[in-house]
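Here is how the chains run, residue by residue.
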Amino acid sequence: MRKNIGLWVFIAFALYLTFANLSGVGLVEWILQRLYMIPGIVIGLSLHEFGHAFVADRLGDPTPRRAGRVTTNPLAHTDPRGMLLLLFAGFGWGIPVGINSMYFKNRKRGEIMVGFAGVTMNLIIAIVTAFVMAVLTKVTPEFNLSLLYQGSGLVYIIFQVLYRVMFINVVLMVFNLLPIPPLDGFGIITAIFNLERWQYFEEFYRSGLFIILILIITGMLDRILMPLITLILTPLIYIMQIFS
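Given the structure is predicted, the values throughout are model-derived calculations rather than measurements.

Participant: What exactly am I supposed to notice about the environment of I112 here?
Facilitator: In this structure, I112 sits in helix α5 (residues 107–139). Between the C-alpha atoms of I112 and T190, which are 78 residues apart in sequence, the distance is 8.9 Å. In this structure I112 touches I188, A191 and I192, once residues within four positions along its chain are discounted.

The structure is reproduced here in structure tokens:
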């Protein structure tokens, strides 16, 4: 019940953020900005969850394959509610991949590897996208960073979409590495330090959504994430410019 309450609080807050973001922005422009984000969200969420499933499968756990999760098909990984929240409010989720670490030869190492697999996929996507944009900069002179702020036509649309694929995947990587349940970062430190033995583990885990919500409301989440996002985004933007 508490989990459902947390989810509905998230949805209500997302609606508030959606309407707040509309203020001072034309409706058409706001819709276009969201449309540019869809490929990045679908790719990022799908391959993030595929990464978890693939690594768990390779380590001997048949659970993801039985559930049809060892696939890059977005339909197997995207939760409509999580996708819409990410699209409109800036935070969301895919369908978590169920694993059974008892199948791993080394349980702790396996759990850590599966935990890092999703964010690693996001980093790979961001790097590949940066190189694609670098090549486009070479073959199409009009394709450059100035399109981040203004432009029109097909080149502008392609730039906006690709930039968001890169940016969204960096955000997903950094966000998921936070040591807060149910994010991957918490799963990783749980495996490293055996936090499941902690007396208040279950209670803390159930409070994860509320902790994230408080961080968003207070603005602390942006203060934590933005320096890390900038740290990773800066060399990627440099890659984009290597052929210019």
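Participant: I tried to follow α5 on my own but got confused; where do I start?
Facilitator: Each α-helix turn comprises 3.6 residues. Residues three or four places apart therefore point the same way. In this model α5 runs 48 Å from its N-terminal to its C-terminal C-alpha over 33 residues, within 8% of the 48 Å that 1.5 Å per residue would give. At the N-terminal boundary of α5, the capping side chain belongs to N106, with an oxygen 3.4 Å from the backbone nitrogen of K108.

Participant: Where do I start with the pattern of salt bridges in this structure?
Facilitator: Two side chains carrying opposite charge are able to pair once their charged atoms lie near each other. In total, this model carries two salt bridges according to the counting rule given. The salt bridge involving D57 is made with R65; its shortest N-O contact spans 2.9 Å.

Participant: Looking at this structure, I do not really get the nonpolar core. What am I missing?
Facilitator: The tendency in soluble globular proteins is for nonpolar side chains to be buried side by side. By size, the foremost hydrophobic cluster in this structure holds 37 residues, and its most contacted members are M166 and L236. Every element with two or more residues in this core is listed here: α2 (27–58), α5, α6 (153–176), α9 (208–218) and α10 (220–240). Per-element tally for this core: the top contributor is α6, with twelve residues. Residues contacting M166, with those up to four places away along its chain left out, are A126, T129, A130, L233, L236 and M240. Among the nonpolar cores identified, the runner-up in size contains eight residues, and M37, M83, L86 and I168 belong to it.

What counts, and at which threshold
Residues numbered from 1 in each chain as written. Predicted model: local features only at pLDDT ≥ 70, side-chain atom pairs only at ≥ 80, totals over all residues. Heavy atoms only, no water. Helix = DSSP H or I, 4+ residues; strand = E, 2+ residues; numbered from the N terminus. Contact = heavy atoms within 4.5 Å. Expected span 1.5 Å × (residues − 1). Polar contact = N/O pair within 3.5 Å; in protein donor to acceptor, adjacent residues only side chain to side chain. Salt bridge = Lys/Arg side-chain N within 4 Å of Asp/Glu carboxyl O. Core = buried A, V, L, I, M, F, W, Y, C linked by side-chain atoms within 4.5 Å. Buried < 20%, exposed > 50% of the residue type's maximum accessible area, 1.4 Å probe, protein only.

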